[in-house]
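Architecture at a glance
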Amino acid sequence: MIEGITALYIFMLAAFTGYEVIGRVPVILHTPLMSGSNFVHGIVLVGAMVALGHAETGAEQVIGFVAVLLAVMNAVGGYVVTERMLEMFKSSKESGG
Amino acid sequence: MSALVQTVYFVAAVLFIVGLKRMSSPKTARGGIVWAGAGMLAATLATFFTPGLSNFGLMIAAIVIGGGIAYVSGKRVAMTDMPQMIALYNGMGGGAAAAIAAVELIKGIGHDPVVLVLAVLGALIGAVSFSGSLVAFAKLQGWMKRTLRFPSQQALNLGVFAATVVFGIVLAAVTQSPWVVAVFFILALAVGVLMTLPIGGADMPVVISLYNALTGLAVAFEGFVLNNAAMIIAGTVVGAAGTLLTQLMARAMNRPISNVLFGSFGAVSGVEEEAVEGSLKPIDAADVAVMMAYANKVVIVPGYGMAVAQAQHKIWELAKQLIDRGVKVSFAIHPVAGRMPGHMNVLLAEAGVPYDLIFDLEEINPDFPNADVALVIGANDVVNPVARTNPDSPIYGMPILDVDKAKNVVVIKRGKGAGFSGIENALFYKDNTRMLYGDGQDMATKLIQAVKSF
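Residues numbered from 1 in each chain as written. Chains lettered and ligands numbered in written order. Predicted model: local features only at pLDDT ≥ 70, side-chain atom pairs only at ≥ 80, totals over all residues. Heavy atoms only, no water.

1. Some remarks on the interface of chain A and chain B
Rule in force here: Every residue pair with non-hydrogen atoms within 4.5 Å of one another is taken to be in contact. In short, buried area is how much 1.4 Å probe accessible area vanishes from two parts on joining, totalled over both. The salt bridge criterion pairs a side-chain nitrogen of Lys or Arg with a carboxyl oxygen of Asp or Glu, the two atoms within 4 Å. Numbering of helices and strands runs from the N terminus; a helix is a DSSP stretch of H or I covering at least four residues, while a strand is a stretch of E covering at least two. Under the grouping applied here, Gly and all other residues not named as nonpolar or charged are polar, the nonpolar ones being Ala, Val, Leu, Ile, Met, Phe, Trp, Tyr, Cys and Pro and the charged ones Asp, Glu, Lys and Arg.
Between chain A and chain B, the contact holds 78 residues from the first and 101 residues from the second. Summing the contributions of chain A and of chain B, the shared interface buries around 8200 Å²; its carbon and sulfur component is 78%. Scanning the region where chain A abuts chain B turns up 0 salt bridges. Mapped by element, the contributors of at least two residues to the side of chain A that touches chain B are helix H1 (4–22), helix H2 (30–40), helix H3 (44–53), helix H4 (58–87) and helix H5 (92–95) of chain A. Here the residues of the side of chain A that touches chain B are counted per class, giving 48 nonpolar, 22 polar and 8 charged.

Here's what the structure looks like:
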């Protein structure tokens, strides 16, 4: 269980971490990084699974199902496109040109 | 929640942060996504072991169906369509956060006011991000060509937003009856649509980035509701990183975020534009090829037109030929060229251009006076010197690539129309500028052939 004030500390520290991690990123990586962070919030999947897992009525099950469906698309799609983009980043030394 | 699940979530959070950190440097970027992916996989698998869960059949069905669709569409999408794909996947995440909130609200999550408020806030942000991202997707995909503007639009938007907030307060403070939940969600979705409709295509990068940050925040809020540390940390990190990224982009365009959301490009043109002096001077591909083949230094400036024409491979082929002849070739990229920051970098990388030939605005601008030829392909507003000279212009103050300072400028362009923002480009009328009319890919092919023949 996460108590209120502890949660607030987590929130604050995570926010600073996010800010610092992106701090000096070159423009060249803006799109892949946006895509990468888009993938990371695909973690909403675990929440969606818990929500569906605790669903009891039909309505809860339907909405929970939609939640998992959307979340998994966020995670999988985000991973695939980010990987495809980053796959292409090579320096001239690596590519031998 | 069991200790095993908690431990795995902790490891996942670490992997996400390390992954993002690695993604922020070109050397380690490729490994970064793998780290983050490992974290996601571990967290997802661990969640199955959360005590007290049921509906596993539905869960696995949803994962297989959604995962399958997303995998196939993600693999198939062309590099030029990446921006809208990111918008779409981002919208899905926002929708998922909103749906979690809906389940929790309907089920009744107790009377802790903090939890209720966070659930409602996350629902609002997630739903706005969902419908807004879908509109952004439709616009970039070309399904929705026009930006919709009508009288008293702002008032309507404000009204709908106020109604949403009222229902949100009722939801958090009074009752969580299903019809209140339903009305609240319909209103929140409408806010996202109405907010995004009037925003023009040129501002879409900033908007997508903003929705990305918002989804992160929504995920973090729902993480509080579910008491899920992995969601809180990952969501908050993305929220903060996304906000910074949005600011960087808005700054590159010299447009405050409020201006992007509530101002409207093009509607500014109540101001009379200065008539541009001079004439457009066309040139043949063969002449351009001579100019470049015997130049010392050539700078290539790609823009959205290159993406549309899919010309990146041909352009790199051309550049390689020039390099073989001993010409110094560099690529100059404006931070907001294309429909996403770094959009051009991705396309050039796809074509195989090494990233050490690619330069940012600050790096390349001092070099333009030394360049014999600046080849502009499909870029317009980002090279318009009006941004430096005419205070009345809507793009005044936006940092631009100083292409006009090169000894010769060649602009490859489809037709004579103005740029995305509808502003006349003074660069095209300058004495040292020549226009090469035609499709980017065709023209690049012609240039390659012509350079070969020398």
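2. Re the packing of aromatic side chains
Defined as follows: Paired rings are identified among Phe, Tyr and Trp, the last through its six-membered ring, by centres lying within 6.5 Å, and are further divided according to the angle between planes into stacked (under 30 degrees), edge-to-face (over 60) and tilted (the rest). Only protein chains enter the accessibility calculation, which uses a 1.4 Å probe. A residue is then buried if its area is under 20% of the maximum for its type, exposed if over 50%, and partly exposed in between. Both a distance and an angle decide whether a charge sits over a ring: NZ of Lys or CZ of Arg must be within 6 Å of the ring centre and within 35 degrees of the ring normal.
Evaluation of the coordinates by the stated rule reveals 7 aromatic pairs over all chains. Aromatic pair B:Trp316 and B:Phe331: ring centres 6.4 Å apart, planes at 55°, arrangement tilted. One end of the pair, B:Trp316, is in helix H13 (residues 312–324); the other, B:Phe331, is in strand E2 (residues 328–333), with 15 residues separating them in the sequence. Accessibility classification places B:Trp316 together with B:Phe331 in one group, the buried group. Here the aromatic cluster, defined as three or more aromatic residues joined through ring pairs, consists of A:Phe11, B:Phe221 and B:Phe224. Taking NZ or CZ as reference, B:Arg325 lies 5.3 Å from the ring centre of B:Tyr294, over its face.

3. Overview of the nonpolar core
Keep this limit in mind: Residue types Ala, Val, Leu, Ile, Met, Phe, Trp, Tyr and Cys, when buried and joined through side-chain atoms within 4.5 Å, form a set referred to as a nonpolar core.
Among the nonpolar cores identified, the biggest contains 161 residues, and A:Ile43, B:Met292, B:Ile300, B:Phe331, B:Leu436 and B:Leu447 are the most heavily contacted of them. Discounting chain neighbours no more than four positions away, the residues touching B:Ile300 are B:Ile315, B:Ala319, B:Val329, B:Ser330, B:Phe331, B:Ala332, B:Leu375 and B:Ile377.

4. Observations regarding the environment of B:Gln321
Looking at the element boundaries, B:Gln321 is found in helix H13. Classification of B:Gln321 by relative accessible area gives buried; the value is 16%.

5. Observations regarding the confidence of the model for chain B
All names here are of chain B. Short version of the rule: By definition, pLDDT measures how confident the predictor is in each residue, and it falls between 0 and 100.
For chain B, per-residue confidence averages 87 on the pLDDT scale, and 92% of positions sit at 70 or higher. When pLDDT is averaged over each element of chain B, helix H3 (residues 56–76) comes out on top at 95 and helix H10 (residues 257–262) at the bottom at 75. Of the regions scoring below 50 in pLDDT, residues 265–274 engages in 13 contacts with residues more than four places distant in sequence or in other chains. Scored by ipTM, the complex comes to 0.91, with pTM at 0.79.

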